[in-house]
Amino acid sequence: MEDVPLQPPWPYDVNFEVTAGGYEVWFSDRISGDHPDLVDQCGEWMEEEEVGAVNLGQIDHRVLMADGVLTDEMEHNLLAWWAERVEDLKQG
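Everything numeric here is computed off the predicted structure, so don't read it as measured data.

Description of the sheet that holds strand S2 (residues 22–27)
(1) Moving on: The strand order S1-S2-S4-S3 describes an open sheet built from four strands, whose pairing is antiparallel. Each edge of the sheet is formed by a strand with only one pairing partner; in this case those strands are strand S1 (14–18) and strand S3 (54–60). Looking at each pair of strands side by side, their axes are set apart by 20 degrees on average, direction ignored.
(2) Moving on: With five bridges connecting them, S2 and strand S4 (residues 63–67) associate as antiparallel partners. Looking across to S4, one finds that Tyr 23 is bridged to Ala 66.
(3) Moving on: Where helix H3 (residues 72–85) meets the sheet, its contacts fall on S1 and S2, and the angle it forms with S1 comes to roughly 160 degrees.

What to know about H3
(1) Moving on: Over its 14 residues, H3 runs 20 Å from end to end, which matches the ideal 20 Å to within 8%, given 1.5 Å per residue.
(2) Moving on: Those residues of H3 that sit buried are Met 74, Leu 78, Leu 79, Trp 81 and Trp 82. Seen from one end, H3 has its buried residues packed into an arc of 155 degrees, which puts them on one side. H3 presents Asp 72, Glu 73, His 76 and Glu 84 as exposed residues on the side facing more than 90 degrees away from its buried surface.
(3) Moving on: Packing partners of the buried residues in H3 comprise S1, S2, helix H1 (29–34) and helix H2 (36–47).

Structural notes on a negative patch on the surface
(1) Moving on: On the surface, Asp 37, Asp 40, Glu 44, Glu 47 and Glu 48 cluster together into a negatively charged patch.
(2) Moving on: Relative to the helices and strands, Glu 44 resides in helix H2.
(3) Moving on: Residue class for Glu 44 comes out exposed when judged on its relative accessible area of 55%.

Quick notes on the rules
- Residues numbered from 1 in each chain as written.
- Predicted model: local features only at pLDDT ≥ 70, side-chain atom pairs only at ≥ 80, totals over all residues.
- Heavy atoms only, no water.
- Pairing = 2+ DSSP bridges.
- Helix = DSSP H or I, 4+ residues; strand = E, 2+ residues; numbered from the N terminus.
- Axes fitted to C-alpha atoms, helices over the stretch in contact; angles between N-to-C directions.
- Contact = heavy atoms within 4.5 Å.
- Expected span 1.5 Å × (residues − 1).
- Buried < 20%, exposed > 50% of the residue type's maximum accessible area, 1.4 Å probe, protein only.
- Arc of directions from axis to C-beta.
- Patch = residues over 30% accessible without salt bridge, like charges linked within 9 Å, V, L, I, M, F, W, Y side chains within 5 Å.
- Areas by Shrake-Rupley, 256 points an atom, 1.4 Å probe, with all protein chains shown as cover.
- Salt bridge = Lys/Arg side-chain N within 4 Å of Asp/Glu carboxyl O.
- Lys, Arg positive; Asp, Glu negative; His and termini not counted.
- Charge placed at Lys NZ, Arg CZ, Asp CG, Glu CD.

And the structure:
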């Protein structure tokens, strides 16, 4: 029997998925493997009041999950945060 991957093959280093109750921020293998400390820092940053992530959760360094609406502004700010910290960030 073939193993089912835990996550789909994401096209970018930082990927967004809207869920029924909120959204998820998925990270590529490069980000989760080479920059786990930045994933943790990103979660802390997202919880700050000006970013507005609600009930942020983290299972591992591949995904951050939050309740609420992912706005275009939040998505833009998250990509900008990562682009400042990771060289050659692959983004859409």
